[in-house]
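# Analysis of the macromolecular model
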Amino acid sequence: MRRVIIDTDTAGDDTIAILTALHYFQVEGITITGGNVQFDQQVENALYTVEVAGKGEQVPVYKGHEGPLLQIGEKQHRTVEDVHGSDGMGGANFAPAIQRPEAKHAIDFIIETVHNHPGEITLLAIAPLTNIAMALKKDPTIKSKIRDIFIMGGTNNSLGNITPAAEYNFYVDPEAARIVLNSGIEMTMVGWEMCTKFSIMDDDDHEEIVNLNTKGSEFFATINRVVKQFNKDVHKLNGTTHPDTLLMAVAADESIMIESHKFYVDIETKGEFTRGYSVVDINGRLGNQPNVRVCQAINRDVYKEMLIDVLKAIN
Ligand SMILES: [Ca+2]
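A short tour of the structure in this document, coming up. Please read these numbers as outputs of a predicted model, since none were measured by experiment. (Residues numbered from 1 in each chain as written. Predicted model: local features only at pLDDT ≥ 70, side-chain atom pairs only at ≥ 80, totals over all residues. Heavy atoms only, no water.)

## Quick word on the overall build of the protein chain
Put simply, the rule reads: Numbered from the N terminus, helices here are DSSP runs of H or I no shorter than four residues, and strands are runs of E no shorter than two. Exposure classes here rest on a 1.4 Å probe applied to the protein chains alone. A residue is buried below 20% of its type maximum, exposed above 50%, and partly exposed in between. Only heavy atoms enter the contact rule, under which two residues are in contact if any of them lie within 4.5 Å. Computed with a 1.4 Å probe, the accessible areas rest on the Shrake-Rupley method; for each residue, only the protein chains presented here act as cover. Only four residue types enter the charge count, namely Lys and Arg as positive and Asp and Glu as negative; His and the chain termini do not. We put the charge of a Lys on NZ, of an Arg on CZ, of an Asp on CG and of a Glu on CD.
Within the protein chain one finds 13 helices and nine strands. By principal-axis analysis of the C-alpha atoms, the protein chain measures approximately 55 × 40 × 40 Å. Every one of the 315 residues in the protein chain was classed for burial, and the buried ones make up 58%. Across the protein chain, contacts joining residues at least 24 apart in sequence account for 81% of those joining residues at least 6 apart. On the protein chain, roughly 12,900 Å² of surface is accessible, and the fraction owed to carbon and sulfur atoms is 48%. Charge separation in the protein chain, taken as the distance between the mean sites of 28 positive and 44 negative side-chain charges, equals 4 Å.

Now the structure itself:
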């Protein structure tokens, strides 16, 4: 099994993405970055999710940076309890897991693991890119030793989700996204528009999943309670969105990515309306070397089968 590290701001769909990665990969560890909800809650959510997968105390969880690179003072980045519920878990308020986070810092864990397995580690990035950028800054020699990175983030010239221009992960820490995208590491980006086109689970899909009657399907239903209504009200979408799970499925089986192309991609870090916007230079107007494989279409049926396989297996 391929060795991976998951970097996550665990809330909502991050949990199902973690379950998916635990199903398809050898997860060396989970690192937490500031994002969706309060940091310590995200840590608890990740620990709980590992327990749901039946892998309690087998997969270490590391705390990383609680906020973006340029955060000054106590001012929090924008968290999104409105999307995922106050606890980021659909308001379920699960009891804390038995497993506790490790003492080591997330970026030291990333650096050491990459050095211990040169050329083998895939980073699965489903949060603001703060931890990964800081790891690359602290030890640039890991760049040539990371196998590849799969990133849920940005859009390919499409509508954002936190502002009209920007997708949440890139919006929270655009400077970190710039550092990672320009690192020279092999990477694949699955943007927000892939999620709205191919990952939505409508009422029929939810019924099918609930009827699996497993611990996994019950967990899926619980954590998606709040986001379903939010998507209807705010994004005018009829169902739940699963950007992080979609990213894991693409990483686990690249053949479900039925269309992709390598483009030069960079991030707007200023901009009156567009901070965090991902510039995908489709026609090569900037004259820069393509640096990111951009996912452009996904086989939705196979993706859904993969999700169902994951939830079926958790009993
Ligand atoms: Ca996430």
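After presenting the structure, the write-up continues.
## As for the pairing of strand S9 (residues 292–298)
Note the cut-off: Following DSSP output, two strands are said to pair if at least two bridges run between them.
Burial analysis of S9 places five of its seven residues in the buried class, the great majority of the element. Sheet topology places strand S6 (residues 187–190) next to S9; two bridges connect them, and they run parallel. Considered in S9, the bridge of Thr188 is made with Arg293. Sheet topology note: the strand S7 (residues 257–267)/S9 ladder contains six bridges and is antiparallel. Bridge assignment links Phe263 to a residue of S9, and that residue is Val292.

## Regarding the nonpolar core
As a rule of thumb, nonpolar side chains are buried together in soluble globular proteins. Applied cut-off: Side-chain atoms within 4.5 Å are what join buried Ala, Val, Leu, Ile, Met, Phe, Trp, Tyr and Cys residues into a set we call a nonpolar core.
Ile6, Val27, Ile30, Leu124 and Ile298 are the most contacted members of the largest nonpolar core, which totals 55 residues. Among the elements that line this core, the one with the most residues is helix H2 (residues 39–52), at seven residues. Residues in contact with Ile298, not counting those within four places in the same chain, are Val190, Met194, Phe198, Leu246, Val250, Ile256, Ile258 and Tyr303. In this structure, Ala125, Ile146, Met187 and Met189 belong to the second largest nonpolar core, which totals 34 residues.

## Describing the coordination of the calcium ion
Convention followed: Any N, O or S atom lying within 2.8 Å of the metal counts as a donor, with the limit raised to 3.2 Å for Na, K and Ca; because water is left out of the atom set, some sites can appear incomplete.
At the metal site, the calcium ion is ligated by Asp9 (OD), Asp14 (OD), Asp14 (OD), Ile126 (O) and Asp244 (OD), and these contacts range over 2.2 to 2.6 Å. In the primary structure, the donors to the calcium ion are separated according to the pattern D-x4-D-x111-I-x117-D. With a gap of 112 residues between them, Asp14 in helix H1 (residues 13–24) and Ile126 in strand S4 (residues 121–126) connect regions that are remote in the sequence. Residue class for Asp14 comes out buried when judged on its relative accessible area of 2%.

## What about helix H12 (residues 243–252)?
Here H12 lies mainly inside the structure; nine of its ten residues are buried. Among all positions of H12, only Pro243, Asp244, Thr245, Leu246, Leu247, Met248, Ala249, Val250 and Ala251 are buried.

## Description of unusual backbone geometry
Here Asn93, not a glycine, exhibits a phi torsion of approximately 45°, which is positive. The phi dihedral of Asn213 is positive, around 55°, even though this residue is not glycine. Positionally, Asn213 belongs in the loop between helix H9 (203–210) and helix H10 (215–223).

## Describing the pattern of salt bridges
Spelled out, the test is: Salt bridge criterion: a side-chain nitrogen from Lys or Arg within 4 Å of a carboxyl oxygen from Asp or Glu.
Overall, the coordinates contain 14 salt bridges when judged by the stated rule. The closest approach of N and O atoms between Arg275 and Glu175, which form a salt bridge, is 2.9 Å. Of this pair, Arg275 sits in the loop between S7 and strand S8 (278–281) while Glu175 is found in helix H7 (residues 174–181), placing the two residues 100 residues apart along the sequence. Given the relative accessible area of 18%, Glu175 is considered buried. A salt bridge links Lys304 to Asp205; the shortest N-O distance between them is 2.8 Å. Pair noted here: Lys304 is in helix H13 (residues 300–313) and Asp205 is in helix H9, with a separation of 99 residues, a long-range link.

## Observations regarding the packing of aromatic side chains
So the rule is basically this: Paired rings are identified among Phe, Tyr and Trp, the last through its six-membered ring, by centres lying within 6.5 Å, and are further divided according to the angle between planes into stacked (under 30 degrees), edge-to-face (over 60) and tilted (the rest).
This structure, assessed with the given rule, holds four aromatic pairs. Ring geometry for Tyr48 versus Phe219: centroids 6.2 Å apart, planes at 35°, classification tilted. Of the two residues, Tyr48 sits in helix H2 while Phe219 sits in helix H10, which places them 171 residues apart along the sequence. Taken together, a centroid distance of 5.8 Å and an interplanar angle of 35° make the contact between Phe94 and Phe219 tilted. Of the two residues, Phe94 is situated in the loop between helix H3 (81–84) and helix H4 (106–116) and Phe219 in helix H10; the sequence distance between them amounts to 125 residues.

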